[in-house]
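Geometric and topological summary
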Amino acid sequence: MMMMIPVQVIAFFIAVMVIPADVREFTIELQGKKIQWTKRPSSAWHVVDSQKESAGDYSVTNGIVTVRNDGKDTKTDISQFLKLGKPSDFGQVRQIDVARESLGTPILIQRERGKIILSQQKGALFEKPAVISWKAKEQ
């Protein structure tokens, strides 16, 4: 049985690790969908999908992403998909290795002002690139 790969959850995890700490809102464009996250005072990230419907609260603890939707929690262990180093490494990395070969080539991270592009030359996650963007603070 092929397990469903929660690409959105993986993109969210990478986003939280790489966006500047003071960002309170970001968008991920993924597989033709635009998904918006806003930080709640509770420190969970609340998702509003493109149809303006709530898609739950997301939070990250030690490489586990918990999605709470309608009172139910779904946990995803990101280390099943990505080779995780120390969280502090994420700020500067140019690529992230995937946890197993079937997921494809390493995920490349291209940084621009106010956005990050995730892509893979070949693979199950980001062969179609995902764009994480946020409003860059005025300097």
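Refer to the preceding data block for the structure.
Below or above, wherever it landed, is the structure these notes cover. (Residues numbered from 1 in each chain as written. Predicted model: local features only at pLDDT ≥ 70, side-chain atom pairs only at ≥ 80, totals over all residues. Heavy atoms only, no water.)

1. Digging into the environment of Thr 74
Among the structural elements, Thr 74 can be located in strand S6 (residues 72-77). Look at Thr 74 and you get partly exposed, because its relative accessible area is 48%. As for Thr 74 and Ile 64, which are separated by 10 residues in sequence, their C-alpha atoms are 10.0 Å apart. If near-sequence neighbours (up to four positions away) are discounted, Thr 74 is found in contact with Val 65, Thr 66 and Val 67. (Helix = DSSP H or I, 4+ residues; strand = E, 2+ residues; numbered from the N terminus. Buried < 20%, exposed > 50% of the residue type's maximum accessible area, 1.4 Å probe, protein only. Contact = heavy atoms within 4.5 Å.)

2. Things to note about the pattern of salt bridges
Applying the stated criterion to the full structure yields 4 salt bridges. Between Arg 40 and Asp 57 there is a salt bridge, with the nearest N and O atoms lying 3.0 Å from each other. On the criterion of sequence distance, the pair formed by Arg 40 in the loop between strand S2 (33-39) and strand S3 (45-48) and Asp 57 in strand S4 (residues 54-61) is long-range, its members being 17 residues apart. Taking relative accessible area as the criterion, Arg 40 reaches 33% and is therefore assigned partly exposed. Between Arg 68 and Asp 73 there is a salt bridge, with its nearest N and O atoms 2.7 Å apart. Residue classification places Asp 73 among the partly exposed positions, given a relative accessible area of 39%. (Salt bridge = Lys/Arg side-chain N within 4 Å of Asp/Glu carboxyl O.)

3. Points about helix H1 (residues 7-18)
In a regular helix each residue adds 1.5 Å, so 12 residues correspond to 16 Å; H1 covers 16 Å between its end C-alpha atoms and thus fits that length. In terms of residue burial, H1 counts as a mostly covered element, since 9 of its 12 residues are buried. The set of residues buried in H1 consists of Val 7, Val 9, Ile 10, Ala 11, Phe 12, Phe 13, Ile 14, Ala 15 and Val 18. (Expected span 1.5 Å × (residues − 1).)

4. Brief notes about the side chain of Thr 76
As for its position among the elements, Thr 76 is in strand S6. If sequence neighbours within four positions are ignored, Thr 76 has contacts with Pro 6, Val 9, Gly 63, Ile 64, Val 65 and Phe 81.

5. Here's the deal with unusual backbone geometry
Non-glycine residue Gln 31 carries a positive phi angle of around 50°. On the secondary structure map, Gln 31 appears in the loop between strand S1 (25-30) and S2. Assessed through its relative accessible area of 53%, Gln 31 is described here as exposed. Positive phi values are uncommon outside glycine, yet Asn 62 reaches one of about 45°.

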